[in-house]
Amino acid sequence: MSESGHQPTAAPAAPGSVTPDASGQPTGSHAPTDLAAWTRRTRAGRRRRRVTTVAGAVAGLLTLTAVVLPSPYIIESPGPTFNTIGEFEGEPVISVSGAETYPTDGNLDLTTVYVSGPPTGWTTFLDVVRSGITPVEAVIPQELVYPSGTTSDEVTAENTEAMATSQSWAVAAALENMGIDYRQTLFVAGFTEESRAAGLLEPKDQLVTADGVEVTGLEGLKGRLNASGGEDVELGIVRGGEELEIEVPVYPGAEGEWLMGVYLDSDFEFPLDVSVTLENVGGPSAGMMFALGIIDELTPGALAGGRHIAGTGTIDPDGTVGEIGGIVQKVSGAADSGAEVFLAPEGNCAELAGRTPDGISVYSVATLEQARSVVEAVGSGGTPQVPTCG
């Protein structure tokens, strides 16, 4: 085409498009509309950056919440062990006076659990997550352990009282096991749902006689109830300083025994004095190991024979071993301390299935006599004749 002909022209810009000039700025008949769109896109980008910034701040706040704010969960983890025939801070854990004692050797460790969380402390949700993936720690909702509204002071007082009771019951169980006489005074503490004694007996009533026979301990009372053959038992009691005689009905128990359906508390008169030096340890679960330690102190020769034995379990004056909480954590703590044998309450054995650490043998015991037989067998190099756990 000649220079004198028509010059080529640019195609018209499509509506809404932007045709930049050499400077890169929008030009053309649609420039105002195109500038508005460009501005909207720029503002949208800024908003996205602001949203990203806000989202990051929220995530950081949530992370901080997980780290700082308390959770409604309790965490149980392995605690320290204490040798009941050894020393604590330079003093014997168990001291016996008023009777001949003998040298001991080895370890009869009571085991403990660290308890973190409300109402005595606090745990964060980050703690809960961490403990949830740790095999030897347990995460438990607070309401399953303590009633709603329980205070830290109440927990401390309850644990202290339970520890004191377990020590008295351990002395009674040890003396019972060894055939040493003591006196037990029984008081009414409450009633079972099946009891027909409620309304006849009252809390704090002291039981003095049963069918004319002096009540000197729980086992003696059980014997009188069983001898009743289902007939009412005549109890001599002291109520508010007044002596009374009351006919109390009995009912058959699951194992053929006769029961009154009465919860009992007790005081003891022992022919010797036993003191325990152990701080910041509460609860009733050391009872069985205290009883074994007392037996070892009062028995010629070393019961454990120099071996490292640990255990846990509540104890009743008649020698019954009761189940406890935190069994997995206690066995783990015992293994970490070097124990080679562990005495576990029969009722806790199922919890240890597949959860027993290597290098420790766990034996199931239901009575103090069984526990003593395990210690004596291990101490003499024999094999205990009781079932194992785990």
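All of the points below concern the structure found in this document. This structure is a prediction, so every number in the text was calculated from the model and none was measured.

With that settled, the discussion passes to the overall build of the protein chain. Per the secondary structure count, the protein chain includes seven helices and 22 strands. For the protein chain, buried positions account for 37% of its 390 residues. Across the protein chain, the fraction of contacts at a sequence separation of at least 24, relative to all contacts at a separation of at least 6, is 72%. Split by element, the accessible area of the protein chain, about 21100 Å² in all, is 52% carbon and sulfur.

Attention shifts here to the packing of helix α3 (residues 152-178) against helix α5 (residues 287-298). Orientation of α3 relative to α5, taken along the N-to-C sense of each, is 45 degrees, at an axis distance of 8 Å. With respect to α5, the element α3 is oriented oblique. For the pair α3 and α5, the crossing hand works out as right-handed. Where α3 approaches α5, its residues M163, S166, Q167, A170, V171, A174, L175, N177 and M178 are matched on the opposing element by G287, F290, A291, I294, I295 and L298. Of the residues in the contact of α3 with α5, the class split is 11 nonpolar, four polar and no charged.

Turning our eyes to something else, we now look at unusual backbone geometry. In this structure, the amide linkage connecting P118 to the following residue, P119, adopts the cis form with an omega of 5 degrees. Even without being glycine, E89 reaches a positive phi, approximately 55 degrees. Within the chain, K204 stands out as a residue other than glycine whose phi angle is a positive 80 degrees. Tracing the chain through its elements places K204 in the loop between β9 (183-191) and β10 (206-210).

What follows is about the packing of aromatic side chains. Enumeration according to the criterion identifies four aromatic pairs in this entry. Aromatic pair F82 and F88: ring centres 5.7 Å apart, planes at 75 degrees, arrangement edge-to-face. The exposure classification of F82 matches that of F88, with both residues buried. Ring geometry for Y182 versus F270: centroids 5.7 Å apart, planes at 55 degrees, classification tilted. Note that Y182 is positioned in the loop between α3 and β9 and F270 in the loop between β16 (262-269) and β17 (273-276), a separation of 88 residues in sequence. Owing to a relative accessible area of 24%, F270 belongs among the partly exposed residues under this scheme. What links up through ring pairs into an aromatic cluster is the set Y182, F268 and F270.

M288, F290, L292 and L343 are the most contacted members of the largest nonpolar core, which totals 44 residues. Among the secondary structure elements, those contributing two or more residues to this core are β6 (94-97), β7 (107-116), α3, α5, β21 (341-345), β22 (361-365) and α7 (368-379). At eight residues, the largest contribution of residues to this core is made by α5. Discounting chain neighbours no more than four positions away, the residues touching L292 are L108, L303, L343, L368, A371, R372 and V375. Membership of the second largest hydrophobic core comes to 17 residues, among which are V188, L221, V250 and M260.

Moving on to the state of the cysteines. Disulfide: a covalent bond formed between the sulfur atoms of two cysteine residues. Under the criterion given, the structure shown has one disulfide. Here C349 connects covalently by a disulfide to C389, the sulfurs 1.5 Å from one another. With the S-S dihedral at roughly -45 degrees, the linkage between C349 and C389 falls on the left-handed side. In this pair, C349 sits in the loop between β21 and β22 while C389 sits in the segment after α7, placing the two residues 40 residues apart along the sequence.

The rules we used
Residues numbered from 1 in each chain as written. Predicted model: local features only at pLDDT ≥ 70, side-chain atom pairs only at ≥ 80, totals over all residues. Heavy atoms only, no water. Helix = DSSP H or I, 4+ residues; strand = E, 2+ residues; numbered from the N terminus. Buried < 20%, exposed > 50% of the residue type's maximum accessible area, 1.4 Å probe, protein only. Contact = heavy atoms within 4.5 Å. Areas by Shrake-Rupley, 256 points an atom, 1.4 Å probe, with all protein chains shown as cover. Axes fitted to C-alpha atoms, helices over the stretch in contact; angles between N-to-C directions. Parallel < 35°, antiparallel > 145°, perpendicular 65-115°, else oblique. Left-handed = near helix turned anticlockwise from the far one by under 90°. Nonpolar A, V, L, I, M, F, W, Y, C, P; charged D, E, K, R; others polar. Phe/Tyr/Trp six-rings, centres within 6.5 Å; stacked < 30°, edge-to-face > 60°. Core = buried A, V, L, I, M, F, W, Y, C linked by side-chain atoms within 4.5 Å. Disulfide = S-S within 2.5 Å.

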